[in-house]
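Understanding the architecture of this molecule
Given next are the chains, with one letter for each unit.
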Amino acid sequence: RPLITDSGGFQIFSFAHRGQRAMPGAEEAKEDGEDGGASLKSSRPFPARHKYEVAAASSSRDGPPPPPRVRVSEDGASFRSYRDGRMLHLSPESTVRSQKALGADIIIPLDDLPGASTAAAPLEESVARTHRWEARSLREHLGDVRQQAMYGVIHGGTDERLRSLSVATLARWPFDGFCVGGSLGRDRSELAALLRYVMPLLPRERPNHLLGIGDVESIQVGVRLGVDTFDSCWPTRLGRHGTALTRHGSLKVGQARYRDDYGPLDASCDGFVSRHHSRAYLHHLWRAKEPAVHGLLTLHNIKFMADLMADMRAKIWRDEL
């Protein structure tokens, strides 16, 4: 069963603000026909706006404006299904019930996620709305706990005053742990500065989690600053787009240099993929567009991340971190 599930707040942001970024370490991987693998776009700012009604793209400049793609109100978020056009609604209570039905060990309350460059007034409004939603989510959870834990989500963007307010508000409530969420800055340097400020404010007796961050560099920074756990689609997305994570850096299996390379994918890894498949074979699968390569690289990257975290835990025990 899943260890942790999220409420859908980030998906609302993603659906409403296509082309924008909410956090560092969330670069989009894409196929590169020239070098045969994924390329990572560098983090960059995106437009400074956060609308609570986001209109769908229109193919014509004439006629009435298109209906909003997402409506965020006090009750929750409403949007149309991309599959059949039905109106769907997420409320703090409905997302808790859905996560309980999935049987997760840790569940997350619904939050309102603004973009990284949201102006001060709408950011403060978003934080207040998130706190009200979290209170409703917590009440729903406490009515039927089922041996599940709920983590509160600390919001406030890169505004230290709002982050302090969010910690002070949520720390009074009986959450089992806390997530650092919301917009985490425009790049990794802003993320690091945010964590240096926020982590000492969190209750030390309860666990914490960094939402949506899972690249190697950010994990290394986060662990040193006291973050307990992370989640991200980063390693699996890289695998689907042809990039393997290794102890010696990333490797794009579609590049011509690996055509006759019969060595293991990562000689330092004892995982299934490195023990059974050569770089040349994976290069062949990629060039032949065999679907199996996506699964193999995804499996390898998960093994790489598991080993990375195991190594960090061992260093903590040895007082090296």
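Residues numbered from 1 in each chain as written. Predicted model: local features only at pLDDT ≥ 70, side-chain atom pairs only at ≥ 80, totals over all residues. Heavy atoms only, no water.

On the secondary structure map, Ser137 appears in helix 3 (residues 120-142). On the basis of relative accessibility, which here comes to 0%, the residue Ser137 falls in the buried class. On a C-alpha basis, the gap between Ser137 and Thr95 in space is 8.1 Å, while along the polypeptide they are 42 residues apart. In this structure, Ser137 is in contact with Pro92, Val96, Pro109, Leu110 and Met150, ignoring residues within four places of it in sequence. (Helix = DSSP H or I, 4+ residues; strand = E, 2+ residues; numbered from the N terminus. Buried < 20%, exposed > 50% of the residue type's maximum accessible area, 1.4 Å probe, protein only. Contact = heavy atoms within 4.5 Å.)

Across all of its chains, the model carries 20 salt bridges by this definition. Note that Glu217 is salt-bridged to Arg188, the shortest N-O span being 4.0 Å. Taken as a pair, Glu217 in helix 6 (residues 216-224) and Arg188 in helix 5 (residues 188-198) lie far apart in primary sequence, 29 residues in all. The class of Glu217 is partly exposed, set by a relative accessible area of 45%. By relative accessible area, Arg188 is classed as partly exposed at 25%. (Salt bridge = Lys/Arg side-chain N within 4 Å of Asp/Glu carboxyl O.)

Bringing the side chain of Thr246 into the picture now. Examined against the element boundaries, Thr246 turns out to sit in strand 13 (residues 243-246). What makes Thr246 buried here is its relative accessible area of 9%. Polar contacts involving the side chain of Thr246 include one to the main-chain amide nitrogen of His248, which spans 3.0 Å. Setting aside anything within four residues of it in sequence, one finds Thr246 in contact with Leu251, Leu265, Asp266, His300 and Phe304. (Polar contact = N/O pair within 3.5 Å; in protein donor to acceptor, adjacent residues only side chain to side chain.)

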